[in-house]
Amino acid sequence: MRLTGQSGDEVRLFLERGKPLLVGEYLRSTCGKTVLVQGAIEPVVTAIAPDWESFSKACYHLGNRHVKVQIGHLWLRMQPDHVLEDMLVLLGLSLQQGQAVFVPESGAYAGLGGGHHHSHGESHSHSHA
């Protein structure tokens, strides 16, 4: 993977297959340099539920369609999709279009087999530009 560091220098990463990079994770290179994984700002839709029943139904229907979703307290975030957005509105959620780092849930089976388990302590706010 070829990237550009904050200093403008080119950085090349060689990573083991199948291990996802996590926002907030630090990587140590064989030459002793440290790399902080940061997410890219991208277009997102944040859906805010008025209550837990609406929120649960929204999560169920999106999960049933295998949609990548970031989940917060009575809110969820996904990549824009007008069909799914219409469904969420019908379920009673309000939508906000915006730009944010998208950090979807890794999935129920991601931790099996010795994967990455600990929390980085970051809080994912749902404020929008």
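Our structure's up above, just so we're on the same page.
These numbers come from a predicted model, not from an experiment. Starting from 1, residues in each chain are numbered consecutively following that chain's sequence as written. Side-chain atom pairs in this predicted model are given and counted only at pLDDT of 80 or more, local residue features only at pLDDT of at least 70, and totals for whole chains, interfaces and linings cover all residues. Only hydrogens and water are set aside when side-chain values are computed; all heavy atoms of the structure are taken into account.

Trainee: Now, about the layout of surface pockets: what can you tell me, with residues and values included?
Mentor: There is about 320 Å³ of room inside the second largest pocket. In terms of lining residues, the second largest pocket is bounded by 15 residues, among which Val 67, Lys 68, Val 69, Glu 105 and Gly 107 are the most central. Secondary structure is summarised from DSSP: a helix means a run of H or I of at least four residues, a strand means a run of E of at least two, and numbering begins at the N terminus for each. Among the elements that make up the lining of the second largest pocket, the one with the highest residue count is helix α1 (residues 52-64) (3 residues). Polar here means any residue outside two lists: the nonpolar Ala, Val, Leu, Ile, Met, Phe, Trp, Tyr, Cys and Pro, and the charged Asp, Glu, Lys and Arg; Gly therefore counts as polar. Grouping the amino acids of the lining of the second largest pocket by side-chain chemistry returns 8 nonpolar, 4 polar and 3 charged. Buriedness of a pocket was judged along seven lines, with at least five required to meet protein on both sides within 12 Å; pockets are open sets of points on a 1 Å grid over the protein atoms alone, cavities are sets where a 1.4 Å probe fits but cannot get out, and lining residues have an atom within 4 Å of a point. Grid points are joined across faces, edges and corners, and a volume is the space filled by probe spheres set on the points.

Trainee: Can you tell me about unusual backbone geometry, naming the residues and giving the values?
Mentor: Positive phi outside glycine occurs at His 66, with the angle close to 55 degrees. If you trace the backbone, His 66 turns up in the loop between α1 and β6 (70-71). At Leu 74, a residue that is not glycine, the phi angle is positive and equals roughly 65 degrees. Among the secondary structure elements, Leu 74 is positioned in the loop between β6 and β7 (75-78). With relative accessibility at 16%, the residue Leu 74 sits in the buried group. Residue burial is assigned from relative accessible area. The probe radius is 1.4 Å, only protein chains are included, and a residue is buried under 20% of its type maximum, exposed over 50%, and partly exposed in between.

Trainee: Tell me about the nonpolar core, residues and numbers included.
Mentor: By size, the foremost hydrophobic cluster in this structure holds 14 residues, and its most contacted members are Leu 62, Leu 76, Met 78, Leu 88 and Leu 93. Elements represented by at least two residues in this core include exactly β5 (41-48), α1, β7 and α2 (82-90). Discounting chain neighbours no more than four positions away, the residues touching Met 78 are Val 44, Val 45, Leu 62, Val 67, Lys 68, Leu 84, Glu 85, Leu 88 and Phe 102. For our purposes a nonpolar core is just a set of buried Ala, Val, Leu, Ile, Met, Phe, Trp, Tyr and Cys residues, chained together by side-chain atoms within 4.5 Å. A contact between two residues is defined here by any heavy atoms of the two lying within 4.5 Å.

Trainee: Give a description of the side chain of Arg 77 that names residues and reports values.
Mentor: Mapped onto the secondary structure, Arg 77 falls in strand β7. When charges are counted, Lys and Arg contribute as positive and Asp and Glu as negative, whereas His and the chain ends are disregarded. We count a salt bridge whenever a side-chain nitrogen from Lys or Arg sits within 4 Å of a carboxyl oxygen from Asp or Glu. In this structure, Arg 77 is buried with no salt-bridge partner, the nearest side chain bearing the opposite charge being Glu 42 at 9.4 Å.

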